[in-house]
There are 2 protein chains.
Amino acid sequence: MITDLRALEPQKLPAFTKDLVDQVCARVRDKITHLESSVAVAELTVALHYVLNTPEDILIWDVGHQAYIHKAVTGRLEDLANMRTPGGISGFLKREESPYDFFGAGHASTSVSALTGVCVADRAAGRERHRVAVIGDGSMTGGQSFEALNHLGSLGHNALVILNDNDGSIDPTMGALHAKGTYGQYARSLGWSYTFVEEGNDVVALVEAIKDQLAQDGPKILHIRTKRPDLSAPKSYKPGTTFQWWAAEAMRDILTKYKDIQVLSPAMFAGSGFGPLREDFGDQFLDTGINEAHTVTTAAGIAAAGGRPWVHIYSTFLQRAYDQIVHDVVLQGLPVVFLVDRAGLVGADGPTHHGVFDQGLLMDLPGVVVWNPRNGEALRGMLQEVALNSPSGPLFIRYSKARTEGEHRADFTPYEWLSKADSKVLWVSTGSISDLMKNEGNHLHLAQVWPFFDDFGPILANFDEIHVFEESTGLGGLGGGVAALVEDMVPRPKLVLHKLPSTFIEHGPRLSLLKEHGFDPFL
Amino acid sequence: MITDLRALEPQKLPAFTKDLVDQVCARVRDKITHLESSVAVAELTVALHYVLNTPEDILIWDVGHQAYIHKAVTGRLEDLANMRTPGGISGFLKREESPYDFFGAGHASTSVSALTGVCVADRAAGRERHRVAVIGDGSMTGGQSFEALNHLGSLGHNALVILNDNDGSIDPTMGALHAKGTYGQYARSLGWSYTFVEEGNDVVALVEAIKDQLAQDGPKILHIRTKRPDLSAPKSYKPGTTFQWWAAEAMRDILTKYKDIQVLSPAMFAGSGFGPLREDFGDQFLDTGINEAHTVTTAAGIAAAGGRPWVHIYSTFLQRAYDQIVHDVVLQGLPVVFLVDRAGLVGADGPTHHGVFDQGLLMDLPGVVVWNPRNGEALRGMLQEVALNSPSGPLFIRYSKARTEGEHRADFTPYEWLSKADSKVLWVSTGSISDLMKNEGNHLHLAQVWPFFDDFGPILANFDEIHVFEESTGLGGLGGGVAALVEDMVPRPKLVLHKLPSTFIEHGPRLSLLKEHGFDPFL
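Throughout what follows, the structure given in this document is the object of discussion. (Residues numbered from 1 in each chain as written. Chains lettered and ligands numbered in written order. Predicted model: local features only at pLDDT ≥ 70, side-chain atom pairs only at ≥ 80, totals over all residues.)

1. Concerning the sheet that holds strand 14 (residues 442-446) of chain A
All names here are of chain A. One open sheet holds the five strands; their spatial order is 12-14-13-16-17, and the pairing between them is mixed. This sheet does not close on itself; its edge strands, each paired only once, are strand 12 (415-419) and strand 17 (494-498). Strand-to-strand twist across the sheet, computed as the mean angle between neighbouring axes with direction ignored, equals 20 degrees. (Pairing = 2+ DSSP bridges. Helix = DSSP H or I, 4+ residues; strand = E, 2+ residues; numbered from the N terminus. Axes fitted to C-alpha atoms, helices over the stretch in contact; angles between N-to-C directions.)

Given below as structure tokens:
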């Protein structure tokens, strides 16, 4: 397809693009979220592959949601039908998938840094080629994009950054830069030439603009306006069926009652189910933009000033504020409440988005408290508990991107016996897998996974064999904590740890992935 | 002292400041690095505490090295003599130390985020007061400062950011913004008013400028030029005595021989001992500025383009690029070599700088290799090994901020018996504590701590009692790995894990801290 494209006369490009969009939409519509981000850059994608000699020339996309058309142009049109399903292609860029996917991207704001790397490598190798990164206006709020623009802007390499501006990523774009439309001033202050093209959905105009840019030396920003079509329905969660619905439901009550609580979210309101609350509780809901580090330290600042900050953040993006959690929140012992959404396997988004590291990370930090509700009502109970009694230090409430049934338990209890039996074998589990498991024998659920409750050791000492279940990877975490606790017992119970393997787990339905990766006989 | 200060006529301020600087220098000179950063802002510090009604008004410093004069003004003059020694005050800002230390800061670029938090909390509480953050030009290269300026610039709060510009942090300031001197353009693009004052060491002029700024509404940046006196000698390491010297020594040979290796460092050349190499190998040494996230993704970009990137980064700052390590390097399996400096306890810098989390973090990531040399020559051997044979994926070489003797072993071996005995007790250790330990009985050193070498399990199975030593905290790490390995052995050896406790460890000499925190009988 890419050879056909390059053989076309420019005037044929609009029809080619339209046909391509139709073909892509026929394959992915109704199944895939974020399709509009890709359709918005259909003309840009075609123009880029028409002008550039990819994959010899380098094209880097910031976040893969923009790249469905790119996948189609580069030989993966038919694969789109099975995108994000088991065995199918990824919804994001992926190096193993195609030589045209030069750099993987599931998290925002990395593209200009990767571009910097290519420039540096090319200079060292004495290699000349075109090097282009495409970044959205939402991703521009992430500090790494500034770091990269400021650094690469000082190096003098030939490099082109295309700023794809359509007023948003998944959420609307925050920050003064976008509100004031001062990208030109900003770009020039960082050493980049700046050109604006209004017609970002005119493929012929784009071809000309890109050629013009590539003919110039040095670092260049081409700012284009694109229009996102309205293709996919906004995220909504069926009442009572997901953790996300229960979180939003609880938050509505809490924000009505507790006017001193402020919820911060780094551009994740839409996906979280909190979208409607943002409109109703504007003063208490702060969308900071895609900037996890800033969000966490801002919350620490609120707490230091005596406020009550709650941070809503996905597990996978919490990784981007790890140092701020350690340095600004935990070391200072500040009472920041974290709603860690999408903890555990996330399903179709795959390895860039699974939340499988944070439980181990967090349990290693001195003085933190970690809660893992087993269902939506338990989550609500936790949130209500914290609204009523502010924690004395950092608290992390981790919940799954998963269906949940609820079972009319609203009060918070740090642990529960899900079943008991006359046996010397004990199951210990935490989080939503507790409710997925067969309740056989002795089964203890830890709603507060860390620190352990006082009698946990004495309880463990009653058993000969202890199975520990956690939807997490790594050498520490719950399994590591239990191991430390039983080490000195005489006799020491036999320990069997059930956790996710130390591999990057592919996309697929969460339940299938859990079964495939070691939890099969227990679910 | 602060009451005396506020009672002075403005014309008395220069003499007051001079006297204060003399008194501070008399107490800390020759002992404390980074003193010049504080002396450069002596006039600013005096002017701020003169104009502001601290601690009711809020003053936030970015990185504590700027704040020695602040400590003196706020009642800690005499304490400066014992700063950074056991029982003495911290070298950084610290909330527990004084109500004037509103927000702790050992890592750069966080101040404007904390300021945002105060603004948000104050608005919710209906509270009016002055709110000021001081940030250096070096810290401005960190993306979090952009995130915060862009966000706070859109909120319309009254807030003052003072940009203290003296051409550097510990290293010279990188990036186009500083090189081009375009701070005004940059500030205005992000919604801030901008004022420049050349006389940043004129306390009377500063008092006027600060008053002027505070009289205006909205977000304001006051950019001042200050001059750093030349007080402390540049960091140099005595030949053969530290890991840092050995690293620099090895790198000189390697960069001479291997022209394809590129070393990236986020503004840590000076402290690392690599300073002189930067001058001699300019093309191969890239100082990116204070921007760990960008540095790591740039390295990934270099690797993706077929280059050989080595990243030099302190353990405590690696925390700031955790997500980029996971998402851009490890998930993509790219061969980036990390020289993780200051792994383990760092001594006088204290809890913001101890490198006690990264070993656990890294061992939880699929497919990484982690090496911990036990002395300087072993470190050199590792670096030479990697220069000769590029790794196939991510490799982390972690070394201590510690003295080392060397012992004429240059070749890399993944493990070594340091002593053997006819006993059923085994010691297993990794990193530089191996060389600090009494060599008694059976003592196995793991130079490659992860993944374990093939015969490790069978070796462990020969013993009744295994002691595991690591200069690290957390539930996983080496201890967790050994626990998993011996779990199914029959009989299972008794395990005793020796690691740092789950607390934030204060500043003090590394050896004393190790002894105090559980390693005493073994060193």
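So much for the structure itself; the text now carries on.
2. Here's the deal with the interface of chain B and chain A
Taken together, the contact pairs 89 residues of chain B with 89 residues of chain A. Secondary-structure elements contributing two or more residues to the side of chain B that touches chain A are helix 6 (111-125), helix 7 (143-152), helix 8 (176-180), helix 9 (183-189), helix 14 (292-304), helix 16 (322-330), helix 17 (358-363) and helix 21 (477-486) of chain B. When residues of the side of chain B that touches chain A are assigned to their parent elements, the largest contribution, 10 residues, is made by helix 6 of chain B. In the side of chain B that touches chain A, the residues fall into 36 nonpolar, 42 polar and 11 charged. (Contact = placed C-beta atoms within 7 Å. Nonpolar A, V, L, I, M, F, W, Y, C, P; charged D, E, K, R; others polar.)

3. Observations regarding the environment of B:Gly64
The topology assignment puts B:Gly64 in the loop between strand 1 (58-61) and helix 5 (68-76). In this structure, B:Gly64 is in contact with B:Gly91, B:Phe92, B:Leu93, B:Ala105 and B:Gly106, ignoring residues within four places of it in sequence.

4. Side note on the pairing of strand 4 (residues 193-197) of chain A
Residue and element names in this part refer to chain A. With five bridges joining them, strand 4 and strand 5 (residues 219-225) adopt parallel strand pairing. Pairing of threonine 195 across the sheet is with leucine 222, part of strand 5. A crossover links strand 4 with its parallel partner strand 5, the connecting element being helix 10 (residues 203-214), and its sense is right-handed. (Right-handed = clockwise from strand over helix to strand, strands pointing away.)

5. Observations concerning helix 16 (residues 322-330) of chain A
Since the α-helix advances by 3.6 residues per turn, residues separated by three or four positions end up pointing in the same direction. Counting buried positions along helix 16 of chain A yields nine of nine residues, so the element is predominantly enclosed. Within helix 16 of chain A, burial applies to A:Tyr322, A:Asp323, A:Gln324, A:Ile325, A:Val326, A:His327, A:Asp328, A:Val329 and A:Val330. Against helix 14 (292-304) and helix 17 (358-363) of chain A together with helix 16 of chain B lie the buried residues of helix 16 of chain A. (Buried ≥ 20, exposed ≤ 12 C-beta atoms within 10 Å, placed from the backbone.)

6. Looking at the relation of the copies chain B and chain A
With an axial shift of 0.0 Å and an RMSD of 0.0 Å, the rotation relating chain B to chain A amounts to 180 degrees. The transformation just described matches what one would write down for a two-fold rotation axis. When the interface residues of chain B are mapped onto chain A, 100% of them are again interface residues, pointing to one common binding face. (Least-squares fit on C-alpha atoms with pLDDT ≥ 70 in both.)

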